[in-house]
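Inside the fold
Residue-level listing of the chains:
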Amino acid sequence: MTYVIAQPCVDVKDRACVDECPVDCIYEGRRTLYIHPEECVDCGACEPVCPTEAIFYEDDLPQEWSDYYRANEDFFTKLGSPGGAAQVGAQDYDDDMIAKLPPQNQDYQG
Ligand code: F3S
Ligand code: F3S
């Protein structure tokens, strides 16, 4: 099981979640961040700190964002399992579904 980052992170990327994760499994793409489904240990520390409430336990993912489970998984087709986000840094790509979205969350005031 894993936690999943959904639509409210897209074009926001607050990154508060990254500081909370004890296993450094939250990776940065171009427009959003992604939780590695195999590296996440389900501690849940990231979920309450996200200001846009973008993070969900996979069983609690709202239906409208159900494809974000697949998106978080597919992001790692290229990267594999590096074992830590800090060492690989920000990536210059996104899952295709997210890459094709129009601008999101433009009303968010950081
Ligand atoms: Fe995104 Fe929320 Fe983390 S906006 S980067 S999931 S703190
Ligand atoms: Fe990290 Fe959140 Fe999983 S803090 S271990 S990504 S539940």
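Check the entry above for the structure.
Every value quoted in this text rests on a predicted model; they were computed, and no experiment measured them.

1. Let's talk about the packing of aromatic side chains
By the definition in use, this model includes six aromatic pairs. Residues Phe75 and Phe76 carry aromatic rings whose centres are separated by 5.2 Å and whose planes lie at 90° to one another, so their mutual orientation is edge-to-face. Every member of this aromatic cluster is reached through a ring pair, and the members are Tyr27, Tyr34, Phe75, Phe76 and Tyr93. Of note, Lys78 hangs over the ring of Tyr93, and the distance from its end group to the ring centre comes to 4.0 Å.

2. What to know about the site of ligand 2
Around ligand 2 sit 13 residues, and of these Tyr3, Cys21, Cys40, Gly44 and Cys46 come closest. For the shell around ligand 2, the class distribution of residues is eleven nonpolar, one polar and one charged.

3. Regarding the environment of Ile26
Among the structural elements, Ile26 can be located in strand 2 (residues 26–28). Between the C-alpha atoms of Ile26 and Leu61, which are 35 residues apart in sequence, the distance is 17 Å. When sequence neighbours within four positions are dropped, the list of residues in contact with Ile26 reads Ile5, Cys17, Val18, Cys21, Leu33, Tyr34, Ile35, Cys46 and Ala85.

4. Quick look at the pattern of salt bridges
Inspection of the entire model under this criterion finds six salt bridges. In this structure, Arg31 and Asp11 form a salt bridge, with 2.7 Å as the shortest nitrogen-oxygen distance. Of this pair, Arg31 sits in the loop between strand 2 and strand 3 (33–35) while Asp11 is found in the loop between strand 1 (3–5) and helix 1 (16–20), placing the two residues 20 residues apart along the sequence. Residue Arg31 is classed as buried on the basis of its relative accessible area of 13%. What makes Asp11 partly exposed here is its relative accessible area of 33%. A salt bridge links Glu28 to Lys13; its shortest N-O distance comes to 2.9 Å. Of the two residues, Glu28 is situated in strand 2 and Lys13 in the loop between strand 1 and helix 1; the sequence distance between them amounts to 15 residues. Its relative accessible area of 17% is what places Glu28 among the buried residues. The exposure class of Lys13 is buried, given its relative accessible area of 14%. Three or more residues joined by partner-sharing salt bridges are found here, namely Asp67, Arg70, Asp74 and Asp95.

Definitions and cut-offs
- Residues numbered from 1 in each chain as written.
- Chains lettered and ligands numbered in written order.
- Predicted model: local features only at pLDDT ≥ 70, side-chain atom pairs only at ≥ 80, totals over all residues.
- Heavy atoms only, no water.
- Phe/Tyr/Trp six-rings, centres within 6.5 Å; stacked < 30°, edge-to-face > 60°.
- Lys NZ or Arg CZ within 6 Å of the ring centre and 35° of its normal.
- Near = heavy atom within 4 Å.
- Nonpolar A, V, L, I, M, F, W, Y, C, P; charged D, E, K, R; others polar.
- Helix = DSSP H or I, 4+ residues; strand = E, 2+ residues; numbered from the N terminus.
- Contact = heavy atoms within 4.5 Å.
- Salt bridge = Lys/Arg side-chain N within 4 Å of Asp/Glu carboxyl O.
- Buried < 20%, exposed > 50% of the residue type's maximum accessible area, 1.4 Å probe, protein only.

The quantities given are spatial measurements derived from coordinates; they are silent on function.
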